[in-house]
Amino acid sequence: MIKIIKSFFVFFALIFIVTTATGAYLVDSTTIPNNQFSIGTWYSPPEIIINEVYYDVDIPGGQAEWQNEWVEIYNNSSSQVNLKNWKISDLAGPDRIFLNDFIIPSKSFALITNNNSTWSFWPSIPTLTPKYELNANIGSGLNQTSDSVILKDDLGNIISQMSYSSGSDKHSWERSPAVSGNFILNNIPSPGLGI
Ligand SMILES: [Ca+2]
Ligand SMILES: [Ca+2]
Ligand SMILES: [Ca+2]
């Protein structure tokens, strides 16, 4: 009897040693060398919308037309956006780059002009409206009857653009309703505000 028990013990001990040594019991996963996975991120540009273009300047005192044109944009994204290194141009170009920080809070308007003299002509601009001076024409300057405004991100993707092929003295082109509407000729420009 003892001999039988010893034989069983030796038998199972051998099975244990063999299976452990070969790993037969231990392999429960598959490893594929040099096979790496990463989660891709789609580029989702922030939603910045050209909302108003003041192309036909009415400034008493003879300010140069192209110094005081302005473009109003709106950040329709859910977070603030810094437009540093973004670009704005007209149809003829060239691109003008926002070389400095240009931070627009979520759901807010912001304004772009050539010269900071523009702001003094528009006391209605809300105090907190972000304003950017290019110290250069918007592109080559906004023509009175036909031109485009094009906004590109830092990678050169066109984020928003509008074109017009007619104009009226001292009017702006503005979206009505604000942000979502089509452009209409507006005889009461509204920098920093929607209509
Ligand atoms: Ca103009
Ligand atoms: Ca132009
Ligand atoms: Ca406006």
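These figures come from a predicted structure and were not determined experimentally.

Engineer: Would you mind showing me how to read the pairing of strand S7 (residues 108-113) here?
Structural biologist: On any regular strand, side chains alternate: one points to one face of the sheet, the next to the other face. With respect to burial, S7 is a largely interior element, 5 of its 6 residues being buried. Two elements, strand S2 (residues 70-75) and S7, share 6 bridges in a ladder whose sense is antiparallel. Its bridge partner lying in S7, Glu72 is registered against Leu111. Alignment of S7 against strand S8 (residues 131-133), held across 3 bridges, turns out to be parallel. From the neighbouring strand, Leu111 faces S8, where its bridge partner is Lys131.

Engineer: Would you explain the nonpolar core in this entry?
Structural biologist: One broad trend across soluble globular proteins is that nonpolar side chains are buried collectively. Ranked by internal contacts, the top residues of the largest apolar core, which has 27 residues, are Ile50, Val53, Val71, Ile73, Ile88, Ile112 and Leu151. Dropping the residues within four chain positions of it, Ile50 is found in contact with Val71, Ile73, Val149, Leu151, Ser160, Gln161 and Met162.

Engineer: Can you help me understand the sheet that holds strand S5 (residues 96-97) in this one?
Structural biologist: If you trace the 4 strands from one edge of the open sheet to the other, you get S5-S4-S9-S10, paired in antiparallel fashion. The open sheet is flanked by S5 and strand S10 (158-164), the only strands paired with a single partner. Bridge count between strand S4 (residues 87-90) and S5: 2 bridges; the pairing is antiparallel. In the sheet register, Lys87 faces S5, and the bridge partner there is Ile97.

Engineer: Looking at this model, I keep getting lost on the environment of Ser166. Mind explaining?
Structural biologist: Looking at the secondary structure, you find Ser166 in the loop between S10 and strand S11 (172-176). The exposure class of Ser166 is exposed, given the 10 C-beta atoms found within 10 Å. Expressed as a C-alpha distance, the spacing of Ser166 and Thr145, which sit 21 residues apart in the sequence, is 4.4 Å.

Engineer: Looking at this structure, I do not really get unusual backbone geometry. What am I missing?
Structural biologist: In terms of backbone geometry, most residues other than glycine have negative phi values and most peptide bonds are trans. That bond from Gly93 to Pro94 is cis: its omega, 5°, falls within 30 degrees of zero. For the peptide bond that leads from Ser176 to Pro177, omega is -5°, which places it in the cis range. Assignment of secondary structure puts Pro177 in the loop between S11 and strand S12 (182-186). The residue Asn85 is not glycine, and still its phi comes out positive at about 75°. Relative to the elements of secondary structure, Asn85 occurs in the loop between strand S3 (81-82) and S4. For Asn85, a count of 15 C-beta atoms within 10 Å translates into the label partly exposed. With phi around 55°, Asn135 is a residue other than glycine that occupies positive phi space. Among the structural elements, Asn135 can be located in the loop between S8 and strand S9 (147-152).

Conventions we followed
- Residues numbered from 1 in each chain as written.
- Chains lettered and ligands numbered in written order.
- Predicted model: local features only at pLDDT ≥ 70, side-chain atom pairs only at ≥ 80, totals over all residues.
- Buried ≥ 20, exposed ≤ 12 C-beta atoms within 10 Å, placed from the backbone.
- Helix = DSSP H or I, 4+ residues; strand = E, 2+ residues; numbered from the N terminus.
- Pairing = 2+ DSSP bridges.
- Core = buried A, V, L, I, M, F, W, Y, C linked by C-beta atoms within 7 Å.
- Contact = placed C-beta atoms within 7 Å.

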